[in-house]
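Below, each chain spelled out in residue letters.
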Amino acid sequence: MVIKQYVKDNIAHVQETLKKFKKINVAVIGDIMVDDYLFGGCSRLSPEAPVPVVEVAKREYRLGGASNVAKNIVALGGHAHIFGVIGNDGVGRLALDELEKHKINNLGVFSDSERPTTQKTRIIAHNQQIARTDIERRHPINNVLRTKIIKKIIDNVNEYDAFIISDYAKGVISKDFLDEILPQLVKRKKIITVDPKTANFYHYREVTSITPNRKELADVLGKTVETNEKIITGGRALMNDLSLKSLLVTLGEGGMCLFTNDGQEVFIPTVARSVYDVTGAGDTVISVFTMALAAGADFKSAAIISNFAAGEVVGMLGTSTIDINQLKHAIQKFK
């Protein structure tokens, strides 16, 4: 596929799709996280151990995981409603403050005093990540919290144009959760997209789309997918096994491969000028892809629009988002 020719032939359709983003309400369900960045310089080793000493000059907190997906939705002009769990701690309160700052509806966020808010701390010296620490508990949330989240979703189900399940394997998404919530969304014919983790992959049946990366596809198949032929064979098998409407496999510098339930597969080349940091790129892809589908785009158009967004965020450092104007500009350059 020649991206430039597609944009030239379909620019009016793409522009109309983007205009509709401001009317879209998306429910994001999954693992709320805080990404903590320590930026500084390094010029010496510690006298206590052979490790670099980073003199911290700046600290930033950013929404991560499912909350970064929600942040993307808002940056694109849409309305995000998040459902998940935080700890009863300072990081959890910080997460709530950030959600409010970015105008993300957090009435579906519940506190669990038995687990910390998931926090990833990245230490960056001279624009190079040199270490990361994680604070988390990955066991499934308890039945009481699961019931509260599901009830909150179903009580407000008619408000949402689409649902994104953002599974980072931190405990919110589980077999029991999916077995209870998915049939209720499927029977209402809702748009349901999933950013998956391998453990729950075969429980995402009959959803609108799953967006694994190459490694996740290989892990769930139990074999390598280093060639296009293997990607096609593996992707088509998953489409059939899970009765999916579509499957969007992200391939890093290789772009994407879209499968649809009419038996077609399309390879979409990357439009990234440079790849600086892939952190959060999957969040951006599923956000834009889902928004485009909710705005009435077909699967191919939605995938191509999300490909442009991914091409922008991989050129940024850390967990990043793209706003609607940046996306419009990225697409316009190919007209």
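Residues numbered from 1 in each chain as written. Predicted model: local features only at pLDDT ≥ 70, side-chain atom pairs only at ≥ 80, totals over all residues. Heavy atoms only, no water.

(A) Up close: the overall build of the protein chain. Within the protein chain, the secondary structure is distributed over ten helices and 13 strands. The C-alpha atoms of the protein chain give a radius of gyration of 20 Å, which matches the 20 Å a tight globule of 335 residues would have. When its C-alpha atoms are laid out on the principal axes, the protein chain stretches across 60 × 45 × 40 Å. For the protein chain, the proportion of its 335 residues judged to be buried stands at 54%. (Helix = DSSP H or I, 4+ residues; strand = E, 2+ residues; numbered from the N terminus. Rg over C-alpha atoms; globule rule 2.2 N^0.38 Å. Buried < 20%, exposed > 50% of the residue type's maximum accessible area, 1.4 Å probe, protein only.)

(B) Representation of the nonpolar core in the model. L18, F21, I82, I305, F308, L327 and I331 are the most contacted members of the largest nonpolar core, which totals 57 residues. When sequence neighbours within four positions are dropped, the list of residues in contact with L18 reads I305, I324, L327, K328 and I331. Listed in part, the 42 residues of the second largest apolar core include I154, V172, L217 and I231. (Core = buried A, V, L, I, M, F, W, Y, C linked by side-chain atoms within 4.5 Å. Contact = heavy atoms within 4.5 Å.)

(C) Looking closely at the pattern of salt bridges. For the coordinates displayed, the defined rule picks out 16 salt bridges. Here K170 and E136 are joined by a salt bridge, their closest N and O atoms 2.7 Å apart. A residue pair is termed long-range when its members are at least 10 positions apart, and K170 in the loop between β8 (162-166) and α5 (175-187) and E136 in the loop between β7 (128-135) and α4 (143-155) qualify at 34 residues. Comparing K170 with E136, the two get one shared label, buried. (Salt bridge = Lys/Arg side-chain N within 4 Å of Asp/Glu carboxyl O.)

(D) Expanded view of the sheet that holds strand β9 (residues 191-195). Ordered in space as β5-β4-β1-β8-β9-β10-β11-β12-β13, the nine strands form an open sheet in which the pairing is mixed. Bordering the open sheet on either side are β5 (105-112) and β13 (265-268), each of which pairs with just one other strand. Two elements, strand β4 (residues 79-87) and β5, share six bridges in a ladder whose sense is parallel. Paired with V85 across the bridge in β5 is F110. (Pairing = 2+ DSSP bridges.)

(E) Representation of helix α3 (residues 90-101) in the model. The end-to-end C-alpha distance of α3 is 16 Å, a good match for the 16 Å that twelve residues give at a rise of 1.5 Å each. Three or more residues of α3 are buried, namely V91, G92, A95, E98 and L99. All buried residues of α3 fall inside an arc of 120° around its axis, so they share one side. Exposed and facing more than 90 degrees away from the buried side of α3 are E100 and K101. Tucked inside the fold, the buried residues of α3 contact β2 (32-45), β3 (52-65), α2 (66-75), β4, β5 and β6 (118-125). The first or second residue beyond α3 is K103, which carries a positive phi of 60°. (Expected span 1.5 Å × (residues − 1). Arc of directions from axis to C-beta.)

(F) Highlighting empty space enclosed by the protein. Inspection of the entire model under this criterion finds one cavity of 30 Å³ or more. The space that makes up the largest cavity amounts to roughly 100 Å³. In terms of lining, the largest cavity is formed by 14 residues, of which the most central are V85, R115, P116, T118 and K170. Looking at the lining of the largest cavity element by element, the count peaks at three residues for β4. Class assignment of the residues belonging to the lining of the largest cavity gives a composition of six nonpolar, three polar and five charged. (1 Å grid on protein atoms, 1.4 Å probe; cavity = no way out; pocket = protein on both sides within 12 Å on 5 of 7 lines; lining within 4 Å. Points joined across faces, edges and corners; volume = space filled by probe spheres on them. Nonpolar A, V, L, I, M, F, W, Y, C, P; charged D, E, K, R; others polar.)

(G) Broad picture of the packing of helix α9 (residues 299-313) against helix α10 (residues 324-332). α10 packs onto α9 with a crossing angle of 105° between their chain directions and a minimal axis gap of 9 Å. Put simply, α9 runs roughly perpendicular to α10. Residue-level inspection shows I305, F308, A309 and E312 of α9 in contact with α10, the latter providing L327, A330 and I331. (Axes fitted to C-alpha atoms, helices over the stretch in contact; angles between N-to-C directions. Parallel < 35°, antiparallel > 145°, perpendicular 65-115°, else oblique.)

(H) Spatial organisation of the sheet that holds β6. Spatially, the four strands line up as an open sheet ordered β3-β2-β6-β7, and their pairing is mixed. With one partner strand each, in any of the chains shown, β3 and β7 form the two edges of the open sheet. Averaged over all neighbouring strand pairs, the angle between strand axes comes to 20°, with direction disregarded. Here β2 pairs with β6 via eight bridges, running parallel. If you follow D36 over to β6, its bridge partner there is T121.

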